[in-house]
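Coordinate inspection notes
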Amino acid sequence: DTGVSQNPRHKITKRGQNVTFRCDPISEHNRLYWYRQTLGQGPEFLTYFQNEAQLEKSRLLSDRFSAERPKGSFSTLEIQRTEQGDSAMYLCASSWQGGSGANVLTFGAGSRLTVL
Amino acid sequence: AQTVTQSQPEMSVQEAETVTLSCTYDTSESDYYLFWYKQPPSRQMILVIRQEAYKQQNATENRFSVNFQKAAKSFSLKISDSQLGDAAMYFCAYHEGGSEKLVFGKGTKLTVNP
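Residues numbered from 1 in each chain as written. Chains lettered and ligands numbered in written order. Predicted model: local features only at pLDDT ≥ 70, side-chain atom pairs only at ≥ 80, totals over all residues. Heavy atoms only, no water.

Under the definition given, this model contains 16 aromatic pairs over all chains. Considering the side-chain rings of Y35(A) and F45(A), the 5.6 Å spacing of their centres and the 75° angle between planes classify their relative orientation as edge-to-face. One end of the pair, Y35(A), is in strand 4 (residues 31–37); the other, F45(A), is in strand 5 (residues 44–50), with 10 residues separating them in the sequence. The pair formed by Y35(A) and F45(A) is uniform in burial state, with each residue classed as buried. Members of the aromatic cluster, each reached through a chain of ring pairs, are Y35(A), F45(A), F107(A), F35(B), Y37(B), F91(B) and F104(B). (Phe/Tyr/Trp six-rings, centres within 6.5 Å; stacked < 30°, edge-to-face > 60°. Helix = DSSP H or I, 4+ residues; strand = E, 2+ residues; numbered from the N terminus. Buried < 20%, exposed > 50% of the residue type's maximum accessible area, 1.4 Å probe, protein only.)

What follows is the structure in structure tokens.
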């Protein structure tokens, strides 16, 4: 168990470019989450998957954002036509949910996006 | 919409002393979960402690304990015998019923002075 892995750790891009982040969750975990954290703020929920199904999306996830989790393993978060306001830390988390109640999330170290 | 408020942007404590971090939340639900997460500098967020709203007993994890006041919608974190490694951002979070979303506060930066 190597924890939740995120790549790249830091991405610098020019406005208008597309970027993709990858998250490898803990292998036994069936749920995967994406959060966004801007400077001085707490993380904000973007979306989550149960296995390969995307079950919930935040209004923060505009049309320029898309997330996938093919085969219920790793996940990618793509941002198209980046804007300066997209600059943030993108956090991935995973959990095992086998019953009711709030589960505990294991977070990755995050992928920091800087849009110039 | 549920909100989580952490009124202390920064706190400091002397090593070996006790510090309390405040958190209030707003909800109309009766069944929910509350969490404290710790985010050390440049490292991933880790769970400190979790509280189920239906449990009257306050959660405790070693040097970390909470004071959960459901009627007042207050959920403070007490750190006893503070250690240098406790220095971090601390986030209070609320688990929204019927959703998988965690709603986080803005965080409290804790400094531990030797």
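After that view, the rundown keeps rolling.
Attention now moves to the interface of chain A and chain B. Of the residues lining the interface, 21 residues belong to chain A; the matching set on chain B comes to 18 residues. Across the chain A to chain B interface the summed buried area is about 1,600 Å²; carbon plus sulfur atoms make up 56%. The tally of links from chain A across to chain B stands at six residue pairs in polar contact (both at pLDDT 80 or more). It is strand 4 of chain A that contributes the most residues to the side of chain A that touches chain B, four residues altogether. (Contact = heavy atoms within 4.5 Å. Buried area = accessible area lost by both parts, 1.4 Å probe. Polar contact = N/O pair within 3.5 Å; in protein donor to acceptor, adjacent residues only side chain to side chain.)

Moving on, we get to the layout of surface pockets. The volume enclosed by the largest pocket comes to roughly 670 Å³. What lines the largest pocket is a set of 31 residues, among which Q37(A), L39(A), R112(A), Q39(B) and M89(B) lie closest to the centre. Breaking the lining of the largest pocket down by element, the ones donating at least two residues are strand 9 (88–95) of chain A together with strand 10 (88–95) and strand 12 (108–113) of chain B. For the lining of the largest pocket, the per-class residue count stands at 13 nonpolar, 13 polar and five charged. Estimates place the volume of the second largest pocket at around 560 Å³. Along the walls of the second largest pocket sit 24 residues, with E44(A), F45(A), Q2(B), K101(B) and V103(B) positioned nearest its centre. Elements with a contribution of two residues or more to the lining of the second largest pocket: strand 5 and strand 6 (53–57) of chain A together with strand 1 (3–5) and strand 11 (102–104) of chain B. Within the lining of the second largest pocket, the residues separate by chemical class into eight nonpolar, nine polar and seven charged. (1 Å grid on protein atoms, 1.4 Å probe; cavity = no way out; pocket = protein on both sides within 12 Å on 5 of 7 lines; lining within 4 Å. Points joined across faces, edges and corners; volume = space filled by probe spheres on them. Nonpolar A, V, L, I, M, F, W, Y, C, P; charged D, E, K, R; others polar.)

Residues and elements named next belong to chain A. Read across the sheet, four strands follow the order 1-3-8-7 without closing on themselves; strand pairing throughout is antiparallel. Looking along the sheet, the strands with just one partner apiece sit at the ends: strand 1 (5–7) and strand 7 (65–68). Pairwise comparison of adjacent strand axes, ignoring direction, gives a mean angle of 15° for this sheet. Sheet topology note: the strand 3 (residues 19–24)/strand 8 (residues 75–79) ladder contains five bridges and is antiparallel. Paired with T20 across the strands is E78, a residue of strand 8. (Pairing = 2+ DSSP bridges. Axes fitted to C-alpha atoms, helices over the stretch in contact; angles between N-to-C directions.)

Turning our attention to the state of the cysteines. Residues and elements named next belong to chain A. A full pass over the atoms with the stated rule returns two disulfides over all chains. Here C23 engages in a disulfide with C92; their sulfurs sit 1.9 Å apart. Because the sign of the S-S torsion sets the handedness, a value of about -70° for the bond joining C23 and C92 places this disulfide among the left-handed ones. Of this pair, C23 sits in strand 3 while C92 sits in strand 9, and the two are 69 residues apart along the sequence. With a relative accessible area of 0%, C92 lands in the buried category. (Disulfide = S-S within 2.5 Å.)

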